[in-house]
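# Overview (structure and organization)
Each chain is listed here by its residues.
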Amino acid sequence: MHLIKSITSAIIVSYILLASSTSVALDSDREQPIQIAADAAELNEGKGFSIYSGNVIITQGSMVIEASTVKITFDDNGIQTMLATEGKHDGRAYMRQLSEGEAGDLMEAWGQSIDYQIDGQLLTLLGNAKLIQKGNHFSGESIIFDIPNDNVKASGGNEGRVQMIFLPKTK
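## A word on the pattern of salt bridges
Taken as a whole, this structure holds 3 salt bridges when the rule is applied. Between Asp 90 and Arg 92 there is a salt bridge, and its shortest N-O distance comes to 3.9 Å. Taking the relative accessible area as the measure of exposure, Asp 90 reaches 69% and is therefore exposed. Given the relative accessible area of 10%, Arg 92 is considered buried. For Lys 134, the salt bridge identified is with Asp 105, shortest N-O distance 3.8 Å. With Lys 134 in the loop between strand E9 (122-133) and strand E10 (136-146) and Asp 105 in the loop between strand E6 (93-98) and strand E7 (106-111), this pair connects stretches of sequence that are 29 residues apart.

## So, the side chain of Glu 108
Structurally, the position occupied by Glu 108 is in strand E7. Although Glu 108 is buried, it makes no salt bridge; Arg 96 carries the closest opposite charge, 6.1 Å away. At a separation of 2.5 Å, a polar atom in the side chain of Glu 108 contacts the side chain of Tyr 94. Here Glu 108 is in contact with Tyr 94, Met 95, Arg 96, Lys 130, Leu 131 and Ile 132, once residues within four sequence places are set aside.

## Focus on the nonpolar core
If you look at the biggest cluster of nonpolar residues, it comprises 28 residues, and the most contacted ones within it are Met 95, Leu 123 and Leu 131. With 5 residues, strand E4 (residues 63-75) is the single largest residue contributor to this core. Excluding anything up to four places from it in sequence, Leu 131 contacts Met 107, Glu 108, Ala 109, Leu 125, Asn 136, His 137, Phe 138, Ile 143, Phe 145 and Val 152.

What counts, and where the lines are drawn
- Residues numbered from 1 in each chain as written.
- Predicted model: local features only at pLDDT ≥ 70, side-chain atom pairs only at ≥ 80, totals over all residues.
- Heavy atoms only, no water.
- Salt bridge = Lys/Arg side-chain N within 4 Å of Asp/Glu carboxyl O.
- Buried < 20%, exposed > 50% of the residue type's maximum accessible area, 1.4 Å probe, protein only.
- Helix = DSSP H or I, 4+ residues; strand = E, 2+ residues; numbered from the N terminus.
- Lys, Arg positive; Asp, Glu negative; His and termini not counted.
- Polar contact = N/O pair within 3.5 Å; in protein donor to acceptor, adjacent residues only side chain to side chain.
- Contact = heavy atoms within 4.5 Å.
- Core = buried A, V, L, I, M, F, W, Y, C linked by side-chain atoms within 4.5 Å.

This is the structure:
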């Protein structure tokens, strides 16, 4: 039974890799200032982190993150990670960003936690996770989106299932 589940998972991931046409976020977003609004903030430059809590909204160009709490880590090279937890979207944090390439493609992501590794452009969604990219929908307990490599991996968790909806390619 475990072998069948592993083979099925491998087939699903392979289909995702072949069928998903994801793209990299707007390059111009990185050049925009980051704006943060929250009910409370803590900045610890010595240890390289800041924590924002209470109705947090972060914008940078087309990127928007909404959450109850966001922890940002940084070093001399700039921001390294953004970890958003919980929020007003059925208890989940939310992120959206326009993609490079085709006009106005919007990536949207939800999760009880959203961990965005800036340099590696790796997005990890945990807990009731959902990703919409170019109209294709992915949902499960966890989703890992490797943005530059156009790679989405989803897991249903313990006895859970992954749900996917793929739009047909237009001619």
